[in-house]
Amino acid sequence: MAGFLGGKAAFVQALDVELGFETTFCLEQFVIRGTELKYYRSFPSAWHVFLTGDAGESIYLGCSGDKRPDYNKVENLLGANGVAVKYLRDLGKAEELTEASISVLYEDFEDS
């Protein structure tokens, strides 16, 4: 159906903007710097951002409010926190990704 209506992006925008649709539950997964990244939302709460640490633990990156988190801002946030790409961490050339690695959260980060 989305393809018929002009592609997924146009369809989702029509739902969100024109019809006032609001996401009630969402769990999206991506890979960033070789690490699993998750966006989570359960209405009426805000969007939350998590990473999977090198030991498999869940690391909270913060909250983006009612707006879906921006992947590029997360990438810049990881850089600001000094998180290296996974292969360097796996080779022992960079520090492991742990909860202590994150000092600046998404909502506090000013992306330039």
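Just above, that's the structure.
Bear in mind that the values here come from a model prediction, so they are computed numbers and not experimental data.

Enquirer: It is not clear to me how the sheet that holds strand β1 (residues 25-32) should be interpreted in this structure. Could you clarify?
Expert: Strand pairing in a sheet relies on backbone hydrogen bonds, with the paired strands running either antiparallel or parallel. Here 4 strands make up an open sheet; going across it, the order is β1-β2-β3-β4 and the pairing antiparallel. Looking at which strands have only one partner, the edges of the open sheet turn out to be β1 and β4 (58-65). Geometrically, the sheet is characterised by an average inter-axis angle of 20° between neighbouring strands, direction not taken into account. Relative to strand β2 (residues 35-42), β1 runs antiparallel, the two being bridged by 8 bridges. Counted as the bridge partner of Phe 30 is Leu 37 from β2. Across the face of the sheet, helix α2 (residues 71-80) comes into contact with β1, β2, β3 (47-52) and β4 while running at roughly 50° to β1.

Enquirer: Hey, could you run me through a negative patch on the surface in this one?
Expert: Side chains of Asp 70, Glu 107, Asp 108, Glu 110 and Asp 111 sit close together on the surface and give a patch of like negative charge. For Glu 110, the location among the structural elements is in the segment after α3 (86-90).

Enquirer: What am I meant to see in α2 here?
Expert: It helps to recall that an α-helix has 3.6 residues per turn; residues three or four apart then point in one direction. For α2, the complete set of buried residues consists of Lys 73, Val 74, Leu 77 and Leu 78. For α2, the angular spread of buried residues about the axis comes to 140°, placing them on one side. On its buried face, α2 is in contact with β1, β2, β3 and β4. By the N-cap criterion, in which a side-chain oxygen at the helix start approaches the backbone nitrogen of a residue two or three places on, α2 is capped by Asp 70, the distance to Asn 72 being 3.1 Å. Immediately downstream of α2, the backbone of Gly 82 shows phi near 75°, a positive value.

So, how was this worked out
- Residues numbered from 1 in each chain as written.
- Predicted model: local features only at pLDDT ≥ 70, side-chain atom pairs only at ≥ 80, totals over all residues.
- Heavy atoms only, no water.
- Pairing = 2+ DSSP bridges.
- Helix = DSSP H or I, 4+ residues; strand = E, 2+ residues; numbered from the N terminus.
- Axes fitted to C-alpha atoms, helices over the stretch in contact; angles between N-to-C directions.
- Contact = heavy atoms within 4.5 Å.
- Patch = residues over 30% accessible without salt bridge, like charges linked within 9 Å, V, L, I, M, F, W, Y side chains within 5 Å.
- Areas by Shrake-Rupley, 256 points an atom, 1.4 Å probe, with all protein chains shown as cover.
- Salt bridge = Lys/Arg side-chain N within 4 Å of Asp/Glu carboxyl O.
- Lys, Arg positive; Asp, Glu negative; His and termini not counted.
- Charge placed at Lys NZ, Arg CZ, Asp CG, Glu CD.
- Buried < 20%, exposed > 50% of the residue type's maximum accessible area, 1.4 Å probe, protein only.
- Arc of directions from axis to C-beta.
- Polar contact = N/O pair within 3.5 Å; in protein donor to acceptor, adjacent residues only side chain to side chain.

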